[in-house]
Amino acid sequence: MNLSPLQKARYEYVPKLPGMLRNGIAEICVQNGEATTSVADQDKIKSLFPNTYGKNEITFAKGSNTSVAKKQVVGVILSGGQAPGGHNVVCGLYDALKATDRNNVLLGFKGGPSGLIDDDYVEFDDAFIDAYRNTGGFDIIGSGRTKLETEDQFKVVTEVAKKHGLTAIVIIGGDDSNTNAAVLAEYMAANNTGVQVIGCPKTIDGDLKNEDIEASFGFDTATKTYSELIGNIERDANSAKKYWHFIKVMGRSASHVALECALETQPNICLIGEEVAAKKMSLSQIASQIADSVEKRGNAGNNFGVAIIPEGIVEFVPEFSKLIAEINELLAGSNTEKFNALPDWDAKYAFIENGLTKESMAVFAILPQLIQQQLFLERDPHGNVQVSLIESEKLLSALVKDELAKRKAAGTYKGKFGALHHFFGYEGRCAFPSNFDADYCYSLGYNAFMLIQYGYTGYLSKVSNLSKPAEEWVAGGMPITKMMNIERRTGEDKPVIRKALVELDGAPFKYFAAHRDQWAVETAFTYPGAIQDNGPSEVCDITTITLALE
Ligand code: FBP
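The structure displayed is predicted, hence computed values, not measured ones.

**Points about empty space enclosed by the protein**
Reasoning step 1: Here the structure, examined in full by the defined rule, presents two cavities of 30 Å³ or more.
Reasoning step 2: In this structure, the largest cavity spans a volume of roughly 110 Å³.
Reasoning step 3: Around the largest cavity, the lining is made up of 13 residues, and of these Glu214, Ala215, Phe219, Thr544 and Leu547 lie nearest the centre.
Reasoning step 4: Counting only elements with at least two residues in the lining of the largest cavity, the list comes to α8 (219–240), α20 (435–453) and α23 (545–549).
Reasoning step 5: For the lining of the largest cavity, the class distribution of residues is four nonpolar, four polar and five charged.
Reasoning step 6: The volume enclosed by the second largest cavity comes to roughly 30 Å³.
Reasoning step 7: What lines the second largest cavity is Cys270, Leu271, Ile272, Glu275, Val276, Met281, Gln289 and Arg516.
Reasoning step 8: Considered class by class, the residues forming the lining of the second largest cavity number five nonpolar, one polar and two charged.

**Looking at the site of the ligand**
Reasoning step 1: By nearness alone, 14 residues border the ligand, and Gly81, Asp205, Glu311, Tyr426 and Arg429 come closest of all.
Reasoning step 2: Here an oxygen atom of the ligand and a backbone polar atom of Gly81 are 2.8 Å apart.
Reasoning step 3: Relative to its unbound accessible surface of 480 Å², the ligand loses 87% to contact with the protein.
Reasoning step 4: Looking at the shell around the ligand residue by residue, the classes come out as three nonpolar, five polar and six charged.
Reasoning step 5: Viewed by domain, the shell around the ligand spans two of them, domain 1 (39–52 + 66–218 + 433–454) and domain 2 (223–425 + 506–545), each represented by three or more residues.

**Remarks on the sheet that holds strand β11 (residues 419–424)**
Reasoning step 1: Read across the open sheet, the four strands follow the order β9-β10-β8-β11; overall the sheet is parallel. At either margin of the open sheet sits one strand with a lone partner, and together these are β9 (269–270) and β11.
Reasoning step 2: Pairing geometry for β9 and strand β10 (residues 305–310), over two bridges, is parallel. Each residue of the ladder has a partner; that of Cys270, found in β10, is Ile308.

**Focus: the environment of Thr546**
Reasoning step 1: Summarising the element assignment, Thr546 is placed in helix α23.
Reasoning step 2: In this structure Thr546 comes out as buried when scored by relative accessible area, which is 4%.
Reasoning step 3: Expressed as a C-alpha distance, the spacing of Thr546 and Val170, which sit 376 residues apart in the sequence, is 28 Å.
Reasoning step 4: Ignoring any residue separated from it by four or fewer positions in sequence, one finds Thr546 in contact with Lys209, Phe219, Glu260, Leu263 and Pro508.

**Structural notes on the domain arrangement of the protein**
Reasoning step 1: Along its sequence, the protein is carved into domain 1 (39–52 + 66–218 + 433–454) and domain 2 (223–425 + 506–545).
Reasoning step 2: Computed over C-alpha atoms only, the centres of domain 1 and domain 2 are separated by 33 Å.
Reasoning step 3: The interface is formed by twelve residues belonging to domain 1 together with 17 residues belonging to domain 2.
Reasoning step 4: Across the domain 1/domain 2 interface, buried area totals approximately 1300 Å², and carbon plus sulfur atoms make up 52% of it.
Reasoning step 5: Looking at the side of domain 1 facing domain 2, the largest losses of area belong to Arg145, Asp205 and Asn435, adding up to 41% of the total buried there.
Reasoning step 6: The interface formed by domain 1 and domain 2 holds one salt bridge in total.
Reasoning step 7: One salt bridge in this structure joins Asp176 and Arg252, with 4.0 Å as the shortest N-O distance.
Reasoning step 8: At the junction of domain 1 and domain 2, the tally comes to three residue pairs in polar contact (both at pLDDT 80 or more).

**Some details on the side chain of Thr158**
Reasoning step 1: Among the secondary structure elements, Thr158 is positioned in helix α6 (residues 151–164).
Reasoning step 2: The class for Thr158 is buried, based on a relative accessible area of 11%.
Reasoning step 3: At 2.7 Å, the side chain of Thr158 forms a polar contact with the backbone oxygen of Phe154.
Reasoning step 4: With near-sequence residues (within four places) excluded, Thr158 lies in contact with Tyr187, Met188 and Thr193.

Criteria and cut-off values
- Residues numbered from 1 in each chain as written.
- Predicted model: local features only at pLDDT ≥ 70, side-chain atom pairs only at ≥ 80, totals over all residues.
- Heavy atoms only, no water.
- 1 Å grid on protein atoms, 1.4 Å probe; cavity = no way out; pocket = protein on both sides within 12 Å on 5 of 7 lines; lining within 4 Å.
- Points joined across faces, edges and corners; volume = space filled by probe spheres on them.
- Helix = DSSP H or I, 4+ residues; strand = E, 2+ residues; numbered from the N terminus.
- Nonpolar A, V, L, I, M, F, W, Y, C, P; charged D, E, K, R; others polar.
- Near = heavy atom within 4 Å.
- Polar contact = N/O pair within 3.5 Å; in protein donor to acceptor, adjacent residues only side chain to side chain.
- Areas by Shrake-Rupley, 256 points an atom, 1.4 Å probe, with all protein chains shown as cover.
- Domains from an automatic or database assignment.
- Pairing = 2+ DSSP bridges.
- Buried < 20%, exposed > 50% of the residue type's maximum accessible area, 1.4 Å probe, protein only.
- Contact = heavy atoms within 4.5 Å.
- Buried area = accessible area lost by both parts, 1.4 Å probe.
- Salt bridge = Lys/Arg side-chain N within 4 Å of Asp/Glu carboxyl O.

Laid out in structure tokens, this is it:
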């Protein structure tokens, strides 16, 4: 492997653990918390998870370790989209496992959940792990989005587990992947396989959080990476004074990434999908809101600006989300194949026209053909629209341009409008983890092994009190079923982890809402610069503004 100077330097970084995990394995005991219930649909979730539902939350503390000694053979997978810090989860897991007993074994299954089915794995040793400490990416074993849900898949996983003598499986993933973890844990428990399943909360989207899980890992580094880039663009815009930049940022369902980037960079516009849904805004209302800022700034001679668009925005516009829901139903089951087999766009258009309601067809009909076609791109294995492939930044800037033309004709707008488009997503998912993510991820992995050692299954590794220094972080676990409810996916009702959306009465949104009118008209940009990992703590160890405000 060719090493950059930074990578060499990052090998030397020693991630910080929560205080209660610092005294060595022999000094970690368990404190029992409250029994749990699911966030909604309790009866249904309880009946689907009879063996893993309703368990207690737990916290680790300093004290004599009372876990039962046995040889542990643990399998780990990275699942879903990449997020900075994933390697450190594996490193923390490995270190705790080996510190407990050198004979314990950690197997990494390659390419996500499919690695478990195909029995494609590697056995980690010190040299292997050391090459990935404090680095970004998931390339240590790769990732994938295969959904583990059928009886046949579970049987194969059970056979693979038997073959290796697995005592536990750790699934490092987002809401969908941890839904997989809960379902697999239930299957393993119901069939007395003796295999425990533990999840770890990953996703740059930041939507796997709740009163227990304060942040998903990767959000910190990804948003700081995008904010650096947005700040650079703001400075370019303010230097050249001739472009409006429409910047789409990742965040499939929730707008946490967009909101955090806005708090970091103070752009002229930032759309928040959850607000658009709450106010039932139409596409033309959104375009008009952006055009107001362009007009005011343009009339004052400032023909430039920056607008941040969350990639999931289209799903929040009521007319659009209804359209997407209808398209999902239209493509359910074998219909996708039928649709894809149609010879050309005209035939597909006729099929669509036949399947959509009048209202949705009216929305569909006014979209540019490029966007219409993007709405029919393949869903991911969990049935989600791949919003990263829908160019909503281009759609919105085109609508703004039309609106400005009308205002120009009416004589109210006197400026010039030139738009450039960007999409920041993949740029941030494999960045070197910030100190925060390096520490948090290592702690999640270390903690996951403690949950295994103490015999828990169907639990999520939980590290909280994150806005404080790592010494004060609190390590423990919570049953995954606590976060679940029933939702409609690919035309069926399914138990899934409820996504955490931006709360409009939460402190981060309120702060943004209190300042955005000023930011829309003035040039109030802030330039966060690149992530720093070596220097004063107030520069290198800061958390996200979202976490600080929450
Ligand atoms: P996870 O929910 O698996 O963490 O992935 C989130 C994400 O990064 C989204 O922000 C984005 O829409 C999606 O992955 C892109 O998926 P892919 O990597 O398959 O293109």
